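Overview (structure and organization)
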2 protein chains.
Amino acid sequence: MTLPTEQLLPALRNVLPTLKIDTAHDSIEQACTDWRKRYRTDALGVVFPENTDQITAIVRLCKAHGVAITTQGGNTGLVGGAVPVLHADRPHLLLSTRKLRDTLKVDKANLTITASAGFALQEIQQAADQAGYLFPLSLASEGSCTLGGNLASNAGGVAVLRYGNARELCLGLEFVSAAGERCGDLRGLRKNNTGYDLRHLLIGSEGTLGIITQACMKIFPKPKASAVAWMHVKDIHAAVRVLEVLQSQLFSEISSYEWMNTIAVGLVKNHFGYQAPKTLEHPDVEHVLVQFDSLDTAEALNGRVESVLESLLRNPSLGLVNVFLAQNLSESKSWWQIRESISEAQAREGLNVKHDVACAVSRLPEFHDKALAELRALALNIRPVLFGHLGDGNLHYNVSGPVNTPSQSFLEDHQEVISQVVYKVIQEVGGTVSAEHGIGQLKADLLKEITPPANYGLFKAVKQAMDPDGLLNPGKMLL
Amino acid sequence: MTLPTEQLLPALRNVLPTLKIDTAHDSIEQACTDWRKRYRTDALGVVFPENTDQITAIVRLCKAHGVAITTQGGNTGLVGGAVPVLHADRPHLLLSTRKLRDTLKVDKANLTITASAGFALQEIQQAADQAGYLFPLSLASEGSCTLGGNLASNAGGVAVLRYGNARELCLGLEFVSAAGERCGDLRGLRKNNTGYDLRHLLIGSEGTLGIITQACMKIFPKPKASAVAWMHVKDIHAAVRVLEVLQSQLFSEISSYEWMNTIAVGLVKNHFGYQAPKTLEHPDVEHVLVQFDSLDTAEALNGRVESVLESLLRNPSLGLVNVFLAQNLSESKSWWQIRESISEAQAREGLNVKHDVACAVSRLPEFHDKALAELRALALNIRPVLFGHLGDGNLHYNVSGPVNTPSQSFLEDHQEVISQVVYKVIQEVGGTVSAEHGIGQLKADLLKEITPPANYGLFKAVKQAMDPDGLLNPGKMLL
């Protein structure tokens with residue numbers, strides 16, 4: 001027997017008198033709009049639980065009243081995963097984790113930090129830093145995205161090559177199930193073979209299998225020395241060859257390996273004036289930014305990096321054209337600024353068709369060449385602004401229209417065909433259509449289309465098993 | 001409508017005329033006996049499929065005939081997971097993966113090896129080695145255990161501290177579901193957020209959710225230099241303090257950190273004559289064997305290791321008594337031989353009560369002291385033979401009876417109470433009763449007893465979703 005949905009809020013106030021419940025129109029509107037402002041929906045209200053017990057009570061009451069729950073952290077997702085999808089017969093409650101901040105502790109001997117889901121990523125980084133350690137997960141939105149959101153979406157970022165994504169950094173998590181029970185564990189074990197791994201099921205499930213409330217994450221000794229190189233390569237084939245040799249000699253030191261095509265670096269110069277290192281006789285090179293970090297001395301690290309890079313330059317078959325080593329922190333920062341300004345430079349050119357794809361590193365060049373050839377065959381005068389975490393096999397494959405063409409109408413006319421080409425080719429090389437951004441609402445149709453039916457059937461069976469009433473974030477990921 | 005079970009083998013011969021089906025009494029008896037010979041059961045026959053398609057057909061026919069399937073790799077497990085549990089109304093087919101050997105390929109630029117489940121772990125290591133790379137998973141049974149078994153049991157071993165266990169090494173796997181469908185993926189992606197992570201659900205599921213047929217595993221550049229140290233520490237508290245400081249300075253170089261108590265090293269001396277380094281004025285020290293590996297030169301690695309170890313010795317509050325650095329390969333091998341001979345030395349003393357426990361590294365000393373105090377309070381004159389992967393928080397906490405007491409009767413009388421103490425205390429410190437050996441038949445009761453009901457309920461729901469007919473390895477892990 002389901003209780004009337006309009007009685008949910010009175011019941012919550014009765015059972016949890018200290019729970020903050022916000023039903024102001026503006027608050028609901030703000031919380032129900034994703035930050036790209038593509039989705040504007042509605043909810044009965046926004047609740048701000050402060051601990052796991054409150055969440056178990058909220059879930060049980062929602063279940064009793066037939067109200068769906070969308071969990072939201074920093075609301076920084078790119079696929080509409082953190083705002084409700086409305087169905088006529090199913091009202092939503094929006095559960096914000098921002099006040100879920102009751103635990104934050106570092107265990108130095110275990111190299112872990114245990115934190116509530118509501119802390120901002122930057123706060124976790126700072127807590128680790130103050131204890132003398134590094135929490136390596138790092139994203140553009142780290143000031144506002146939350147640990148819970150990072151885990152629910154299996155966030156990536158610029159240090160995945162060395163430290164892994166959110167999934168690899170997690171040693172345990174606590175969550176509230178669709179039945180309103182406290183589940184998981186926070187023991188921080190590096191070895192534990194006692195049943196199915198619920199942790200990895202929850203990570204990347206985008207709030208559809210449970211509500212992540214706390215997690216135990218790996219931390220690392222802080223690097224004592226860093227070296228940053230800017231490399232000119234003939235093309236992406238050369239970038240992959242150079243990476244292979246670099247990893248054979250400096251595997252433990254490489255933290256980031258970011259590739260950018262000629263157009264991407266040119267756009268940053270045009271819009272911001274940031275100048276990348278130049279090789280005068282080769283204006284059309286492509287670019288790689290590499291960061292090395294070490295617990296060894298700066299002298300030792302620089303010596304090794306220089307010696308390896310020099311040996312690479314002596315091998316012309318690699319396609320490495322030139323190498324620059326940052327002479328000081330301000331130079332390395334200015335180079336990182338180029339990498340980090342590409343998205344904004346491209347935005348200043350107008351709207352563009354974005355893709356977040358990945359495949360095996362070895363197949364990236366094939367993907368790059370083939371996708372480009374097929375896009376060029378469309379004769380749309382596209383400008384491919386390509387860059388990304390090449391070391392992870394992950395490219396942000398963004399396509400702008402021709403110069404001096406209204407980008408809005410270009411997108412309306414051609415976005416679909418461009419994405420079809422990119423998604424077709426990435427699948428031909430065994431790749432994925434969502435490397436780090438997830439599925440949410442935006443790619444739910446796409447996921448169903450591209451997933452082998454046997455796998456999709458298991459996704460649905462798992463969802464049905466973990467959330468039989470479809471209470472948690474309905475309309476996301478699975479259709 | 002279930003078909004008669006006795007028609008399964010004729011149907012298999014009909015549908016898969018080339019499939020090897022062994023129904024000889026001796027073959028079945030051998031395959032249905034685990035290698036510790038604790039479990040002797042039965043099956044209709046043993047099948048040896050050679051590819052995934054054959055397995056999909058086998059599963060479908062078993063489903064149609066109501067016959068359960070137990071999958072077996074090298075049959076080296078310690079918990080009876082790879083031999084059938086018989087039920088009166090449910091015959092079993094034993095599916096051996098040993099002939100599943102159709103794929104074995106290295107991708108250097110992606111740093112992966114993709115292999116069929118039936119290859120022995122040692123064969124995978126050798127294939128990586130021949131390509132110039134390291135596959136770091138390493139276990140005592142590596143000559144006969146299989147990749148599929150390693151993944152189904154989430155195998156650990158001596159290099160987990162640096163490279164992770166089987167789970168962390170896996171970038172993708174293919175499996176056959178209980179519906180007889182080919183599932184999963186072998187794309188070798190380092191970033192992929194497109195649906196629930198079926199890979200991690202299968203890893204560690206002990207053949208109860210699907211049959212793993214192939215996997216894509218990480219490989220690494222081969223270390224160019226190694227250094228091995230034997231350390232004397234005051235006690236396990238000192239061993240943990242020393243690890244913390246070592247990791248802050250040599251995190252990327254430490255591959256193994258193995259602790260052994262005084263009794264364990266003494267037993268190896270008594271039975272095999274292997275002599276560990278000695279500190280004459282401190283005969284009662286405990287021992288730590290540390291291995292460092294690096295892509296740097298031997299000179300550079302040795303220089304750093306020596307300098308760090310010297311600085312540790314200058315800090316008496318750590319409890320580090322003495323340090324020896326292996327002067328050559330034969331010395332480091334002889335030290336590793338001591339570590340690797342403990343189990344056999346203890347076996348020569350007679351039977352003992354074995355435990356494979358883990359907790360947060362920071363809480364290991366508390367566990368150690370408390371368990372020992374409670375065991376000593378039993379006044380049984382036990383001899384704790386304690387050793388293990390301290391860097392992973394994992395101890396093999398084995399208890400022998402008093403000297404010159406028949407071990408068989410000691411175990412009969414006291415095994416249960418000893419295990420109760422060890423399992424009680426490891427749980428009090430937030431630890432696990434099975435760090436790397438898994439559950440199988442042996443610990444299925446224990447798993448049910450110690451798992452919070454909310455988690456156990458989700459395990460059962462996932463099993464029901466993935467294998468609604470209970471076809472796959474029934475009687476294992478879950479009751």
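Residues numbered from 1 in each chain as written. Chains lettered and ligands numbered in written order. Predicted model: local features only at pLDDT ≥ 70, side-chain atom pairs only at ≥ 80, totals over all residues. Heavy atoms only, no water.

Let's shift gears to the interface of chain B and chain A. Across the contact, 84 residues belong to chain B and 84 residues belong to chain A. Contact between chain B and chain A buries roughly 6,600 Å² in total, counting both sides, with carbon and sulfur atoms accounting for 59%. Interface area lost by chain B to chain A is led by Lys191(B), Asn193(B) and Tyr196(B), which between them contribute 16%. In this assembly, chain B and chain A are joined by 8 salt bridges. The closest approach of N and O atoms between Asp296(A) and Arg304(B), which form a salt bridge, is 3.5 Å. Scanning the region where chain B abuts chain A turns up 36 residue pairs in polar contact (both at pLDDT 80 or more). Breaking the side of chain B that touches chain A down by element, the ones donating at least two residues are α6 (160–163), β9 (182–184), α8 (198–202), β11 (220–221), α9 (236–250) and α17 (453–466) of chain B. Looking at side-chain class alone, the side of chain B that touches chain A contains 34 nonpolar, 32 polar and 18 charged residues. (Contact = heavy atoms within 4.5 Å. Buried area = accessible area lost by both parts, 1.4 Å probe. Salt bridge = Lys/Arg side-chain N within 4 Å of Asp/Glu carboxyl O. Polar contact = N/O pair within 3.5 Å; in protein donor to acceptor, adjacent residues only side chain to side chain. Helix = DSSP H or I, 4+ residues; strand = E, 2+ residues; numbered from the N terminus. Nonpolar A, V, L, I, M, F, W, Y, C, P; charged D, E, K, R; others polar.)

Let us look at the packing of aromatic side chains. Two numbers describe a pair of aromatic rings. These are the distance of the centres and the angle of the planes. Residue and element names in this part refer to chain B. The tally for this structure, following the rule as stated, stands at 14 aromatic pairs over all chains. Relative to tyrosine 397, the ring of phenylalanine 367 lies with its centre 5.2 Å away and its plane at 65°, an arrangement referred to as edge-to-face. Separated by 30 residues along the polypeptide, phenylalanine 367 in helix α14 (residues 364–376) and tyrosine 397 in strand β18 (residues 394–400) bring together distant segments of the chain. On the accessibility criterion, phenylalanine 367 (0% relative accessible area) is buried. (Phe/Tyr/Trp six-rings, centres within 6.5 Å; stacked < 30°, edge-to-face > 60°. Buried < 20%, exposed > 50% of the residue type's maximum accessible area, 1.4 Å probe, protein only.)

Mapped onto this numbering, the UniProt entry gives "domain: FAD-binding PCMH-type" (unreviewed entry) at residues 39–222 of chain A. Note that residues 39–222 of chain A is 23% helix and 24% strand, and that its end C-alpha atoms are spaced 40 Å apart. (UniProt positions renumbered as here; feature names shortened; annotations may be inferred.)

Residues and elements named next belong to chain A. Tracing the sequence through the fold places alanine 444 in helix α16 (residues 444–450). With 34 residues separating them in the primary sequence, alanine 444 and leucine 478 have C-alpha atoms 6.0 Å apart. Discounting residues that sit within four places of it in the chain, alanine 444 has contacts with Ile439, Met477 and Leu479.

This brings us to the relation of the copies chain B and chain A. Under the fitted operation, chain B is carried onto chain A by 0.0 Å of movement along the axis and a turn of 180°, and the coordinates agree to an RMSD of 0.0 Å. With respect to symmetry, the two chain copies, as superposed, fit the operation of a two-fold axis. An overlap of 100% is found between the interface residues of chain B and their copies at the interface of chain A, pointing to a shared contact surface. (Least-squares fit on C-alpha atoms with pLDDT ≥ 70 in both.)

All names here are of chain B. For strand β6 (residues 112–116), the buried fraction is high: 5 of the 5 residues fall into the buried class. Neither face of β6 is left uncovered, since the one carrying Thr112, Thr114 and Ser116 and the one carrying Ile113 and Ala115 both have all their residues buried. Across 4 bridges, strand β5 (residues 104–107) lies against β6 in antiparallel orientation. Paired with aspartate 107 across the bridge in β6 is threonine 112. Here β5 folds back onto β6, and the loop between the two strands holds 4 residues, one of which, leucine 111, carries a positive phi near 55°. (Pairing = 2+ DSSP bridges.)

Let us now look at the sheet that holds strand β9 (residues 182–184) of chain A. Strand pairing in a sheet relies on backbone hydrogen bonds. The paired strands run either parallel or antiparallel. Taken in spatial order, the 5 strands line up as β5-β6-β10-β8-β9 (chain A) in an open sheet, and their pairing is antiparallel. Sheet topology places β5 (104–107) and β9 of chain A at the edges, where each strand pairs with a single neighbour. Ignoring which end each strand starts from, the neighbouring axes of this sheet average 15° apart. With 5 bridges connecting them, strand β6 (residues 112–116) of chain A and strand β10 (residues 211–218) of chain A associate as antiparallel partners. The residue bridging Ser116(A) from the neighbouring strand is Gln214(A), located in β10(A). Where helix α4 (residues 121–130) of chain A meets the sheet, its contacts fall on β5 and β6 of chain A, and the angle it forms with β6(A) comes to roughly 140°. Packing against the sheet, α17(B) makes contact with β8 (170–176) and β9 of chain A, and its axis sits at approximately 65° to β9(A). (Axes fitted to C-alpha atoms, helices over the stretch in contact; angles between N-to-C directions.)

The next subject is the pattern of salt bridges. Within the structure shown, the criterion is met by 40 salt bridges over all chains. One salt bridge connects Asp197(B) with Arg167(A), and the closest N-O pair in it is separated by 3.3 Å. Highlighted residues: Asp197(B) in the loop between β9 and α8 and Arg167(A) in helix α7 (residues 166–169), drawn from two different chains. Comparing Asp197(B) with Arg167(A), the two get one shared label, buried. What you see here is one network of salt bridges that share partners, running through Lys370(A), Glu374(A), Lys424(A) and Glu428(A).

With that settled, consider the sheet that holds strand β15 (residues 320–325) of chain B. Residue and element names in this part refer to chain B. Across the sheet, which stays open at both edges, the 7 strands sit in the order β15-β12-β14-β13-β17-β18-β16 with antiparallel pairing between neighbours. At either end of the open sheet lies a strand with only one pairing partner, and these are β15 and β16 (356–358). Across the sheet, the axes of successive neighbouring strands diverge by a mean angle of 20°, strand direction being ignored. Examined bridge by bridge, strand β17 (residues 383–389) and β18 share 7 bridges and lie antiparallel to one another. Its bridge partner lying in β18, proline 384 is registered against valine 399. Across the sheet, α9 touches β12 (225–233), β13 (254–260), β14 (286–294), β15 and β18, and the angle it forms with β13 is around 170°.

Attention shifts here to unusual backbone geometry. All names here are of chain B. One non-glycine residue with positive phi stands out, namely asparagine 473, at about 45°. Structurally, asparagine 473 can be placed in the segment after α17. Looking at asparagine 473, the relative accessible area reads 2%, which means it is buried. For methionine 477, which is not glycine, the phi torsion reads 60° and is therefore positive. In this structure, methionine 477 sits in the segment after α17.

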